[in-house]
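# Structure assessment
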Amino acid sequence: MTGVDTRDTPTPRPPRVDFGHRTIVVRRGPVAVRWRTRTAIVCSILAVLTIAVTVWALILGDYPLTLTQVWRALTGDPEAGFARTVVVEWRAPRAVAAVVFGAALGASGAVFQSLTRNPLASPDIIGFSTGSYTGALIVIILIHGSYLQLAGGAILGGIATAALVYVLAWRRGVQGFRLIIVGIAVSAVLGSFNTWLMLTADIETAMSAAVWGAGSLNGTNWEQVSYGGAIIILLLASIAALAPGLQQLQLGDDAAKATGTRAEPVRLGIMVLGVALVAVVTAAAGPISFIALAAPQIARRIARTPGVTVVPAAFMGALVLAAADVIAQHLLPVSLPVGVVTVVVGGAYLVWLIIREVRRRAV
């Protein structure tokens, strides 16, 4: 009896499941947007959690509401009564500001960590947030300006600080580690100058500036949210336009130049946009620390992206700041500025990150 010898025939293997690593491509004419499946799923989950936390923030308070009352207030139901004032005028601006400003801080942190290829690089570590705070303090203490003047002072202060750090760190180009060291030094100098400004101001102005300087969403109104949100959307759109160049810079200047990317103009443009994001948030809520540092790295580990990316970092920043504000308002014995909560959580994260980096370099 004859047959086929199958001893050397390889056993067929079941198809490998590559869930989370496939790429979704959306094309509109010459523009193509690529999404990894896992990244899209993670961003969707983060968005749902952020909405849940925001709704929770609208329910909690000294005047507790039900979910039905919140819905009626948001939809303009005439039976909402006083609940509409509580939700729409008092709580909603703060809740929306936490989401929008958190997204801006997360995106800004992702920009600088991508540029420097260093997880310790964030606007509050390398001095750009401190520069924005300095510009805002000058407007508050010396000029007693309006919100728009405060926003302008914060943006100018942040951009001026970024320009100073950029010039001092320049040496045939700007390298990530040198940018961080110079930024920390400039931040220390500006911190001393800010302290001097506070000491020379009158007591009432200094106290209000100190409370605002802790990073607080208290008193946030729709004017600040609308102006700040519009500027943040424009800045994020500009960053999206420069995203291909940012991705090339992650490969190094030589590789970026080999693909036709003008490294320094792209780097400078991205830095200005990242600083502007932080400055807008600082003008409205004060310097809220550590969101820009922690959100990009947390998002990177959850989404398992090859590098730090802006979109997941923005979603994570929105969730972290929204949750931190709920904790600061309702889950502590006394109500505190949200910046106090982010400093405590972010400080612990920074210690962990430094220890991890030291151990990784020692291996």
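Preceding block: the structure.
Predicted, not measured: the structure shown is a model, and the values here were computed from it.

This paragraph deals with the packing of aromatic side chains. With the rule as written, the count across this model stands at 5 aromatic pairs. Geometrically, the ring pair formed by Tyr-63 and Phe-82 is edge-to-face, given 5.3 Å between the ring centres and 80 degrees between the ring planes. Highlighted residues: Tyr-63 in the loop between helix H1 (37–59) and helix H2 (67–74) and Phe-82 in helix H3 (residues 82–116), separated in sequence by 19 residues. Judged by its relative accessible area of 44%, Phe-82 is partly exposed. Pairing Tyr-166 with Trp-170 gives two aromatic rings, centres 6.1 Å apart and planes at 40 degrees, and the pair type is tilted. For Tyr-166, a relative accessible area of 11% corresponds to the buried category. What links up through ring pairs into an aromatic cluster is the set Tyr-63, Phe-82 and Trp-90.

Moving on: a nonpolar patch on the surface. A cluster of nonpolar side chains, contributed by Trp-56, Ile-327, Leu-331 and Leu-332, occupies part of the molecular surface with about 340 Å² of accessible area. The exposure class of Trp-56 is partly exposed, given its relative accessible area of 40%.

Viewed as axis vectors pointing N to C, H1 and H2 meet at an angle of 95 degrees, and their least axial separation amounts to 10 Å. Comparing the axis directions of H1 and H2 gives the class roughly perpendicular. Here Val-55, Leu-58 and Ile-59 of H1 lie close against H2, whose contacting residues are Leu-67, Val-70 and Leu-74. The residue makeup of the contact of H1 with H2, split by class, is 6 nonpolar, no polar and no charged.

Let us now look at the packing of H3 against helix H13 (residues 310–330). Interaxial distance between H3 and H13 falls to 6 Å at its minimum, and their mutual angle equals 135 degrees. Comparing their axes, H13 and H3 come out oblique. As for how H3 packs across H13, the hand of that crossing is right-handed. Every residue of H13 that contacts H3 at Arg-94, Ala-98, Val-99, Phe-101, Gly-102, Ala-103, Gly-106, Ala-107, Ala-110 and Val-111 is listed here: Val-310, Ala-313, Ala-314, Gly-317, Ala-318, Leu-321, Ala-322, Asp-325 and Gln-329.

A few words on the nonpolar core. Phe-101 and Phe-128 are the most contacted members of the largest nonpolar core, which has 75 residues in total. With 16 residues, the single largest contributor to this core is H3. Discounting chain neighbours no more than four positions away, the residues touching Phe-128 are Phe-112, Pro-123, Gly-158, Thr-161, Ala-162, Val-165, Met-271 and Val-275. In terms of nonpolar packing, the next biggest core, distinct from the first, is built from 17 residues, Tyr-133, Leu-137, Ala-151 and Ala-154 among them.

Moving on: unusual backbone geometry. Even without being glycine, Phe-290 reaches a positive phi, approximately 75 degrees. A positive phi angle, near 55 degrees, is found at Arg-304, a position not held by glycine. Within the element layout of this structure, Arg-304 appears in the loop between helix H12 (291–303) and H13. Given a relative accessible area of 53%, Arg-304 falls into the exposed group.

What follows concerns the environment of Arg-94. With respect to the secondary-structure elements, Arg-94 resides in helix H3. The sequence separation of Arg-94 and Asp-325 amounts to 231 residues, and the corresponding C-alpha distance is 8.9 Å. When neighbours within four sequence positions are excluded, Arg-94 is seen to be in contact with Leu-217, Asn-218, Thr-220, Asp-325 and Gln-329. A distance of 2.8 Å separates a polar atom in the side chain of Arg-94 from a polar atom in the side chain of Asp-325.

Our next topic: helix H4 (residues 128–143). Compared with an ideal rise of 1.5 Å per residue, which puts 16 residues at 22 Å, H4 spans 22 Å between its outermost C-alpha atoms and is within 8% of the ideal. Counting buried residues along H4, 13 of its 16 residues qualify, which places the element largely inside the surrounding structure. Positive backbone phi, approximately 55 degrees, marks His-144, located one or two places after H4.

Mapped onto the secondary structure, Ile-298 falls in helix H12. Under the relative-accessibility criterion, Ile-298 is labelled partly exposed at 30%. Spatially, the C-alpha atom of Ile-298 lies 9.4 Å from that of Gly-317, the residues being 19 residues apart in sequence.

Looking now at the pattern of salt bridges. Taken as a whole and assessed by the stated rule, the structure comprises 1 salt bridge. Measuring nitrogen to oxygen at the nearest pair gives 2.8 Å for the salt bridge that ties Arg-94 to Asp-325. Of this pair, Arg-94 sits in helix H3 while Asp-325 sits in helix H13, placing them 231 residues apart in sequence. Residues Arg-94 and Asp-325 agree in their burial class; the two are buried.

About the criteria used
- Residues numbered from 1 in each chain as written.
- Predicted model: local features only at pLDDT ≥ 70, side-chain atom pairs only at ≥ 80, totals over all residues.
- Heavy atoms only, no water.
- Phe/Tyr/Trp six-rings, centres within 6.5 Å; stacked < 30°, edge-to-face > 60°.
- Helix = DSSP H or I, 4+ residues; strand = E, 2+ residues; numbered from the N terminus.
- Buried < 20%, exposed > 50% of the residue type's maximum accessible area, 1.4 Å probe, protein only.
- Patch = residues over 30% accessible without salt bridge, like charges linked within 9 Å, V, L, I, M, F, W, Y side chains within 5 Å.
- Areas by Shrake-Rupley, 256 points an atom, 1.4 Å probe, with all protein chains shown as cover.
- Salt bridge = Lys/Arg side-chain N within 4 Å of Asp/Glu carboxyl O.
- Axes fitted to C-alpha atoms, helices over the stretch in contact; angles between N-to-C directions.
- Parallel < 35°, antiparallel > 145°, perpendicular 65-115°, else oblique.
- Contact = heavy atoms within 4.5 Å.
- Nonpolar A, V, L, I, M, F, W, Y, C, P; charged D, E, K, R; others polar.
- Left-handed = near helix turned anticlockwise from the far one by under 90°.
- Core = buried A, V, L, I, M, F, W, Y, C linked by side-chain atoms within 4.5 Å.
- Polar contact = N/O pair within 3.5 Å; in protein donor to acceptor, adjacent residues only side chain to side chain.
- Expected span 1.5 Å × (residues − 1).

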